[in-house]
Amino acid sequence: MAKKIGDKTIILGLMSGTSLDGLDLALCEFEEANNLYSFKIIKCQTIEYTSERREKLNNIKNASALQYFNLHHLYGKYIAKEVNLFLQDGPVKPVAIASHGHTVFHQPAVGFSTQIGCGATIAANTGITTVCDFRSTDAANGGQGAPLVPIGDKLLFANYDACLNIGGIANISFNKNGERVAYDVCFANMMLNYLAERLGKPFDEDGNFASSGKVNEALLARLVQLLHITEKTSLSREYFEKMALPILLKFSISNEDKLATFCTYIAEEIARALNENNLKNVLITGGGAYNTFLINALRQKFAGEVIIPNNQIIQFKEALIFAFLGYLRLQEKTNILRSVTGAKTDSIGGAVYL
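## Section: the overall build of the protein
Logical step 1: A tally of helices and strands in the protein yields 13 helices and 13 strands.
Logical step 2: At 19 Å, the protein has a C-alpha radius of gyration in line with the 20 Å of a compact globule built from 354 residues.
Logical step 3: A buried classification covers 54% of the 354 residues belonging to the protein.
Logical step 4: Contacts in the protein between residues far apart in sequence, at least 24 positions, make up 70% of those at least 6 positions apart.
Logical step 5: Approximately 15400 Å² of the protein is accessible, and the part contributed by carbon and sulfur atoms is 48%.

So, in structure tokens, the structure goes:
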């Protein structure tokens, strides 16, 4: 059971996403009353990855088992160091850390999803109980091990018809026929950042590169034909490299045109999901919320209201919800929904290192 501070529980949530932007830290306060949950983000920060760290995380999938576990340990030490620096000035120490880690292999079809960033190492180097490895129980239960955020959408953001995160992958969650449903809609910043890097930038700030390009209708049609996700399955970097990237590489057009086209593809796929389910509004978070070109394209295609929250929620909603998953885990409450992952049962995910 999570130790309480008065009626409130303080958890530090950590997230490293597929877009490899950096490590998000969100120190969060949770309170429950009459089965309703409330939250407050006390303090938050993003630690940008150096190009060297980004390269190591991106390439570890090709390493030997020894190299993999070495980085698993070293990345855990790195996380612990950043946590200690983040907490050294207060204002309060969390009762636990909830760390997503960084996904290296996501292959639920064969029963596993692995994230590096050793929880035991984090706990040992911070002196704080650490919850990690949130996906394995669901994958072992026959689920996709993803998405995990929807229970937070359901319990913390119930005022919105739908919640959409545009990160490396765009994923959506909403209520349908009395159940929470959620799925990956399409690749997003994983592709946009790849193209921006070819133009010398880590990402396309405000969608400026895309704005200067032109939509290539032939490429757009090819993307819709080959990448329209009809099955509600979770996308992965493996699938991106095998299916998405080769499509763009076959077209000899400028990177700006590719960015404009892929943004339009993302907007079309998201709008289709929203319109088909008669949703009236959508809360958008993640780095894609700052891409003006993409958001404008979505507003043209979606019949409802596009809601962009404050910067804190845009940037740290996933870290907040992983803190919430850790909060639920320590109280031995369900934190993974079978209705969104396809598992046999709901489950309580997360390994705990005291």
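Past the structure itself, the notes keep going.
## Some thoughts on the environment of Lys81
Logical step 1: Mapped onto the elements, Lys81 comes out in helix α2 (residues 65-87).
Logical step 2: Taking the C-alpha atoms as reference points, Lys81 and Val340, separated by 259 residues in sequence, lie 34 Å from one another.

## Considering the sheet that holds strand β4 (residues 96-99)
Logical step 1: One open sheet holds the six strands; their spatial order is β3-β2-β1-β4-β7-β13, and the pairing between them is mixed. The open sheet terminates on both sides in strands that have one partner only, identified here as β3 (36-48) and β13 (351-353). The mean angle between the axes of side-by-side strands here comes to 20°, regardless of whether they run parallel or antiparallel.
Logical step 2: Relative to β4, strand β1 (residues 9-15) runs parallel, the two sharing four bridges. The residue of β4 that forms the bridge with Leu14 is Ser99.
Logical step 3: Where α2 meets the sheet, it contacts β1, β2 (22-33), β3 and β4, and its direction lies at approximately 60° from that of β2.

## Description of helix α6 (residues 189-197)
Logical step 1: Most of α6 is tucked away, with seven of its nine residues classed as buried.
Logical step 2: Along α6, the residues that are buried comprise Asn189, Met190, Met191, Leu192, Asn193, Leu195 and Ala196.
Logical step 3: Taken together, the buried residues of α6 touch β8 (162-166), β9 (169-176), β10 (179-187), α9 (237-249) and α10 (255-276).

## Quick notes on α10
An α-helical turn contains 3.6 residues, so any two residues separated by three or four positions project in the same direction.
Logical step 1: Look at α10: 31 Å from first C-alpha to last across 22 residues, which is about the 32 Å you get at 1.5 Å a residue.
Logical step 2: Of all 22 residues that make up α10, 16 are buried, and the element is covered over most of its length.
Logical step 3: Two residues or fewer after α10 comes Asn278, characterised by a positive phi angle close to 55°.

## Focus: the packing of α6 against α9
A pair of packed helices is characterised by two quantities: the angle between their axes and the separation of those axes.
Logical step 1: Packing of α6 against α9 brings their axes to within 11 Å, and their N-to-C directions diverge by 50°. The angle between α6 and α9 falls in the class oblique. Once α6 is placed against α9, the crossing between them reads as right-handed. Together, Met190, Met191, Tyr194 and Leu195 of α6 and Arg237, Phe240, Ala244, Leu245, Leu248 and Leu249 of α9 make up the contact between the two elements.

## Overview of the pattern of salt bridges
Logical step 1: Throughout the structure, instances matching the rule amount to nine salt bridges.
Logical step 2: Its salt-bridge partner being Lys8, residue Glu31 comes within 3.8 Å of it at the nearest N-O pair. Taken as a pair, Glu31 in strand β2 and Lys8 in the segment before β1 lie far apart in primary sequence, 23 residues in all.
Logical step 3: Taking relative accessible area as the criterion, Lys8 reaches 31% and is therefore assigned partly exposed.
Logical step 4: Arg338 is the salt-bridge partner of Glu179, the closest N and O atoms lying 3.4 Å from each other. You can see Glu179 sitting in strand β10 and its partner Arg338 sitting in helix α13 (residues 338-341), a full 159 residues away along the chain.
Logical step 5: With a relative accessible area of 37%, Arg338 lands in the partly exposed category.

## Thoughts on the nonpolar core
Logical step 1: Ranked by size, the top nonpolar core spans 50 residues in total, and within it Phe262, Ile266, Ile270 and Ile284 carry the most contacts.
Logical step 2: At ten residues, α10 tops the list of elements feeding residues into this core.
Logical step 3: Each residue touching Ile270, except ones within four places of it in the same chain, is listed here: Leu164, Ile166, Ala170, Val185 and Leu298.
Logical step 4: Grouped together as the second largest cluster of nonpolar side chains are 36 residues, Ala96, Ile313, Leu330 and Leu337 included.

## Looking at the sheet that holds strand β11 (residues 281-285)
Logical step 1: Spatially, the five strands line up as an open sheet ordered β10-β9-β8-β11-β12, and their pairing is mixed. Only two strands of the sheet have a single neighbouring strand rather than two, namely β10 and β12 (305-307). Put simply, the sheet's adjacent strands are angled 20° from each other on average, direction ignored.
Logical step 2: Relative to β12, helix α11 (residues 292-301) is tilted by about 155°, and along the sheet it contacts β8, β11 and β12.

## As for the packing of aromatic side chains
Logical step 1: Summed over the entire model, instances satisfying the criterion amount to 15 aromatic pairs.
Logical step 2: On the basis of an interplanar angle of 20° and a centroid distance of 5.8 Å, the ring pair of Tyr75 and Tyr78 is categorised as stacked. Here the residue Tyr75 and the residue Tyr78 both occupy positions in helix α2, the gap between them amounting to three residues, near one helical turn.
Logical step 3: With a relative accessible area of 1%, Tyr75 lands in the buried category.
Logical step 4: By relative accessible area, which is 8% here, Tyr78 ends up buried.
Logical step 5: An angle of 55° between the planes, with centres 5.1 Å apart, marks the rings of Phe262 and Tyr265 as tilted. Of this pair, Phe262 and Tyr265 both sit in helix α10, separated by three residues, roughly a single helical turn.

Procedures and definitions
- Residues numbered from 1 in each chain as written.
- Predicted model: local features only at pLDDT ≥ 70, side-chain atom pairs only at ≥ 80, totals over all residues.
- Heavy atoms only, no water.
- Helix = DSSP H or I, 4+ residues; strand = E, 2+ residues; numbered from the N terminus.
- Rg over C-alpha atoms; globule rule 2.2 N^0.38 Å.
- Buried < 20%, exposed > 50% of the residue type's maximum accessible area, 1.4 Å probe, protein only.
- Contact = heavy atoms within 4.5 Å.
- Areas by Shrake-Rupley, 256 points an atom, 1.4 Å probe, with all protein chains shown as cover.
- Pairing = 2+ DSSP bridges.
- Axes fitted to C-alpha atoms, helices over the stretch in contact; angles between N-to-C directions.
- Expected span 1.5 Å × (residues − 1).
- Parallel < 35°, antiparallel > 145°, perpendicular 65-115°, else oblique.
- Left-handed = near helix turned anticlockwise from the far one by under 90°.
- Salt bridge = Lys/Arg side-chain N within 4 Å of Asp/Glu carboxyl O.
- Core = buried A, V, L, I, M, F, W, Y, C linked by side-chain atoms within 4.5 Å.
- Phe/Tyr/Trp six-rings, centres within 6.5 Å; stacked < 30°, edge-to-face > 60°.

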